[in-house]
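# Close look at the chain arrangement
In case you want the letters, here they are:
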Amino acid sequence: MTQFAEMLTYDFMQRSLAAAALVGAVCSVIGVFVVLRGLAFIGAGTAHAAFAGVTLAYLIGVPPLPLAIVFGLATVWITGIMEEQGRMKLDVSIGILYTATMALAILFIGLMKGYNAEVYGYLFGSVLSVTPEELRTIGLLGVLVVGVIVAFAKELYFIAFDQDMAEASGVPARRIFYLLLTLVALTVVVSLKTVGAILVFAMVLIPASTAYQLTHSLKQMTVYAVLIGTVCAVGGVMVSYWWDLPSGPAIVLLATAVFFLSVLFSPKRLRRTSA
Amino acid sequence: MAAPIIRFDHATFGFPGVTALEDISLEIADGEFVGVIGPNGSGKTTLCRAVLGLLPPRSGHLQIFDCACEELRCHHRARIGYLPQKGVLDRNFPITVLEAVMMGRYGALGLFTRPGRQDREIALQALAHVGMQDHQDSALGHLSGGQQQRVLIARALAQQPRVLLLDEPTTGIDMPTQHAVLDLIRRLHRDLRLTVLLITHDINMIRSCVDRLVLLKTRLYAAGPPEEVLRPDVLQQVYGKELVITEKDLIIVEDYHHHH
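Residues numbered from 1 in each chain as written. Chains lettered and ligands numbered in written order. Predicted model: local features only at pLDDT ≥ 70, side-chain atom pairs only at ≥ 80, totals over all residues. Heavy atoms only, no water.

### With respect to the overall build of chain B
Note the threshold: Numbering of helices and strands runs from the N terminus; a helix is a DSSP stretch of H or I covering at least four residues, while a strand is a stretch of E covering at least two. In this treatment the radius of gyration is a C-alpha quantity, and the globule benchmark scales as 2.2 Å times the residue count to the 0.38 power. Only protein chains enter the accessibility calculation, which uses a 1.4 Å probe. A residue is then buried if its area is under 20% of the maximum for its type, exposed if over 50%, and partly exposed in between. Throughout, the Shrake-Rupley method with a 1.4 Å probe supplies accessible areas, and for residues the shown protein chains are the sole cover considered. The convention is simple: Lys and Arg are positive, Asp and Glu are negative, and His and the chain ends are not counted. To locate a charge, the coordinates of NZ of Lys, CZ of Arg, CG of Asp or CD of Glu are taken.
Looking only at helices and strands, one finds 8 helices and 12 strands in chain B. Taking 260 residues into account, the globule formula puts the C-alpha radius of gyration at 18 Å, and chain B, at 18 Å, falls close to it. The principal-axis extents of the C-alpha atoms in chain B amount to approximately 55 × 40 × 35 Å. Looking at chain B residue by residue over its 260 residues, the buried ones come to 53%. Working note: accessible area of chain B is about 12,000 Å², and carbon and sulfur atoms make up 48% of it. Side chains of chain B give 27 positive and 30 negative charges; the mean places of these two sets differ by 4 Å.

### Focus: the pairing of strand 7 (residues 163–167) of chain B
All names here are of chain B. How we decide: By the convention used here, strands pair only if DSSP detects at least 2 bridges between them. When the strands point away from the viewer, a crossover counts as right-handed if the route from the first strand across the helix to the second turns clockwise.
In terms of burial, strand 7 is largely enclosed, as 5 of its 5 residues are buried. Sheet topology places strand 7 next to strand 8 (residues 195–199); 5 bridges connect them, and they run parallel. Looking at strand 8, one finds that Asp 167 is bridged to Ile 199. Taking the sense of rotation as the criterion, the β-α-β connection linking strand 7, helix 5 (residues 175–191) and strand 8 turns out right-handed.

### Considering the state of the cysteines
The following threshold applies: In what follows, a disulfide is any cysteine sulfur pair within 2.5 Å.
Per the stated rule, a full pass over the model turns up 0 disulfides over all chains. No disulfide involves Cys27(A); its nearest neighbouring cysteine sulfur is the one of Cys232(A), lying 12 Å away.

### Section: the sheet that holds strand 9 (residues 212–217) of chain B
All names here are of chain B. For clarity, the cut-off: Between the N-to-C directions of two axes lies an angle of 0 to 180 degrees, each axis being a line fitted to C-alpha atoms and, for a helix, fitted only over the stretch in contact. Note on definitions: a residue-residue contact is assigned when non-hydrogen atoms from the two residues lie within 4.5 Å.
With mixed pairing, 6 strands are arranged side by side in an open sheet as 6-7-8-3-9-10. Where the open sheet ends on each side, the last strands, each with one partner, are strand 6 (80–83) and strand 10 (219–224). Put simply, the sheet's adjacent strands are angled 15 degrees from each other on average, direction ignored. Across 4 bridges, the pairing between strand 3 (residues 33–37) and strand 9 is parallel. Bridging across to strand 9, Val 36 finds its partner in Val 214. Contacts from helix 5 reach strand 3, strand 7 and strand 8, with the element oriented near 155 degrees to strand 8. Contacting strand 3, strand 9 and strand 10, helix 8 (residues 232–239) runs over the sheet at an angle of about 35 degrees to strand 9.

### Details of the packing of aromatic side chains
Going by this rule: Whether two aromatic rings pair depends on their centres lying within 6.5 Å, for rings of Phe, Tyr and Trp, where Trp uses its six-membered ring; planes under 30 degrees apart make the pair stacked, over 60 edge-to-face, and the rest tilted. Comment: the charge-over-ring label is applied if NZ (Lys) or CZ (Arg) is within 6 Å of the ring centre and within 35 degrees of the ring normal.
Overall, the coordinates contain 12 aromatic pairs over all chains when judged by the stated rule. Linked through ring pairs, Tyr115(A), Tyr120(A) and Phe124(A) together constitute an aromatic cluster. A cation over an aromatic ring shows up here: Lys193(A) above the ring of Tyr122(A), its NZ or CZ 5.7 Å from the ring centre. Over the face of the ring belonging to Phe65(B) we find Arg79(B), whose NZ or CZ atom lies 4.2 Å from the ring centre.

### Topic: helix 3 (residues 117–129) of chain B
To keep things clear, this is the line we draw: By definition here, a helix of n residues has an expected span of 1.5 Å times n minus one.
Here helix 3 of chain B is 13 residues long and its end C-alpha atoms lie 18 Å apart, about the 18 Å a rise of 1.5 Å per residue gives. Two residues or fewer after helix 3 of chain B comes Gly131(B), characterised by a positive phi angle close to 75 degrees.

### Looking at the interface of chain A and chain B
In plain terms, the rule: Summed over both partners, the accessible surface that disappears when two parts come together, traced with a 1.4 Å probe, is what is meant by buried area. What counts as a salt bridge is simple: a side-chain nitrogen of Lys or Arg found within 4 Å of a carboxyl oxygen of Asp or Glu. N or O atoms within 3.5 Å of each other form a polar contact, as long as, within protein, one can give a hydrogen and the other can take it, and as long as residues adjacent in sequence are counted only when both atoms are side-chain atoms. Basically, the charged four are Asp, Glu, Lys and Arg, the nonpolar ten are Ala, Val, Leu, Ile, Met, Phe, Trp, Tyr, Cys and Pro, and anything else, Gly included, counts as polar.
Contacts between chain A and chain B engage 31 residues on the former and 30 residues on the latter. Taking both sides of the interface into account, the surface hidden between chain A and chain B amounts to around 2,800 Å²; carbon and sulfur atoms contribute 64%. Across the contact surface, chain A and chain B share 0 salt bridges. Where chain A touches chain B, the interface holds 11 residue pairs in polar contact (both at pLDDT 80 or more). Elements that contribute at least two residues to the side of chain A that touches chain B include exactly helix 7 (132–151), helix 8 (153–168), helix 9 (173–195), helix 11 (218–242) and helix 13 (267–274) of chain A. With 11 residues, the top contributor of residues to the side of chain A that touches chain B is helix 8 of chain A. Here the residues of the side of chain A that touches chain B are counted per class, giving 17 nonpolar, 5 polar and 9 charged.

### As for the environment of Tyr82(B)
Among the structural elements, Tyr82(B) can be located in strand 6. Look at Tyr82(B) and you get buried, because its relative accessible area is 12%. Spatially, the C-alpha atom of Tyr82(B) lies 9.6 Å from that of Gly104(B), the residues being 22 residues apart in sequence. Residue contacts for Tyr82(B): discarding those within four places in its chain leaves Met165(A), Ala168(A), Cys48(B), Leu52(B), Ala156(B), Gln159(B), Leu165(B) and Asp167(B).

### Regarding the packing of helix 10 (residues 200–214) of chain A against helix 12 (residues 247–264) of chain A
Residues and elements named next belong to chain A. Rules: Roughly parallel means an angle under 35 degrees; roughly antiparallel means over 145; roughly perpendicular covers 65 to 115; every other angle is labelled oblique. Each crossing gets its handedness from the near helix: less than a right angle anticlockwise from the far helix is left-handed, clockwise is right-handed.
Where helix 10 contacts helix 12, the two axes come as close as 9 Å, and the packing angle between them is 20 degrees. Relative to helix 12, the element helix 10 lies roughly parallel. Relative to helix 12, helix 10 is oriented so that their crossing is left-handed. Along its contact with helix 10, which presents Ala 202, Met 203, Ile 206, Ser 209, Thr 210, Gln 213 and Leu 214, the element helix 12 presents Ile 251, Val 252, Ala 255, Thr 256, Val 258, Phe 259, Ser 262 and Val 263. Class assignment for the residues of the contact of helix 10 with helix 12 results in 10 nonpolar, 5 polar and no charged.

### Side note on the packing of helix 10 of chain A against helix 11 of chain A
Residues and elements named next belong to chain A. The N-to-C vectors of helix 10 and helix 11 enclose an angle of 130 degrees; their axes lie 8 Å apart at closest approach. Viewed along their axes, helix 10 and helix 11 adopt a mutual orientation that is oblique. Classified by chirality, the crossing of helix 11 by helix 10 is right-handed. When helix 10 is examined against helix 11, the residues Met 203, Pro 207, Ala 208, Thr 210, Ala 211, Tyr 212 and Leu 214 are found in contact with a partner set consisting of Met 221, Tyr 224, Ala 225, Ile 228, Gly 229 and Ala 233. Taken together, the residues of the contact of helix 10 with helix 11 sort by class into 11 nonpolar, 2 polar and no charged.

### A few points about the pattern of salt bridges
By the definition in use, this model includes 10 salt bridges over all chains. With a shortest N-O distance of 2.9 Å, Lys154(A) and Glu155(A) are connected by a salt bridge. Since its relative accessible area comes to 1%, Glu155(A) is described here as buried. A salt bridge links Arg231(B) to Asp233(B), with the nearest nitrogen and oxygen atoms 3.2 Å apart.

### Details of the environment of Asp137(B)
All names here are of chain B. With respect to the helices and strands, Asp 137 occurs in the loop between helix 3 and helix 4 (145–158). The exposure class of Asp 137 is exposed, given its relative accessible area of 64%. Along the backbone, Asp 137 and Glu 99 are 38 residues apart, and their C-alpha atoms lie at a distance of 8.5 Å.

Shape is all these values report; function is a separate question.
Shown next as structure tokens:
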């Protein structure tokens, strides 16, 4: 317990716990809609695109956040348009975009003079080195994303359940779909520094998929996802502090463990085997 | 005849190079029960999309209520309760019956308005109309096909519609359930004084409950009481050799399952 109290006295630790809690919560709320609307792969591609934006920013010496947002938004919108037109199989087009943006990122890193540790922080996640300014940005973007989700909650649930039906009953379903894609991109950017480009999508997918196993209600699924996401993110940071492990993998592996437990003890699964 | 609630005036629908419906002129009166029939690819679903305001006419006019639907984003949609063709529902999708029915309120509420106590009452009443009030907290995915269909009809009713638009409501469910669903639709038409537009390939099933039948195959071939439309000379124009009429009943011989 004293160890726990001591941990909380460090400024950097307070910041990392706050950042982790914010990222955990925001990722899991958006994750509910990503999982239900079937956008998992789009989000994973976005994370790599956002990372390409970060590397370009470091290469030309500008702040990384705006470029990460631009790259992220461009990717989700392009994939959204491709999904609507259905000209190519979506997994193929995203697969191309995904690897192409990663290639860009590697190219930009190669063009840099020398080794830049900060860039690798965005790739692997480094919540323990979050600065006060970064925490403020995460907080602001997080509040923005959650605020928009709350404002459009009923429309977002409707398009996740049945987009055609939503359109037919007078909901501007297409615009809401693009709004959702935009929120996915912003969420990825918010979380980039904390869990890293490679792992960020786990934070979006895992808490929501875990909650999916546990309930038959949309509202409950959302509440469970936020609880699971926040607890895993904060718990992961503590684990990483105590055992001196990298924070990104600590958070994601903890969430993964919880996910497998939920699959094992899912009421849905139990019902299916007993029926 | 009451004032028309839906009026097609030489309306043509489709995309460049594809005409799905051509030169349709048709008036549907308030409170009518109209069955729309025709072979596959005859434009039945296009008619549906047009009435929902999802597809504007390429030429001619379509008026619904007092609203000319030349523009896509048209607000009359909330007043049309729509039951889409039964798709495959993911049995594990986490949604309760009441949550699904409440979605019927969303279009009418508009953006930035949260559903309140009154909307909940409307949704519960809609569930009572379809006899599913005891299942409000059940998982939608755990219900039988017929029960799911009832819940989705309740969602359409929760819009407090004036028109009920049903796309193949009896396809994909077993025979006894088909009759139960059709009985339910007849009762809703009578009790709630709804205008019903029912799209189907199953002529035998609906011939006894409609006021009028509309026969489509890209063009409108006939519109009138069943006894006028269900005559061999009228039907043969559309179904050709696939039509077989038995002494007692009328059967269209066409294998629909190959097309789905």
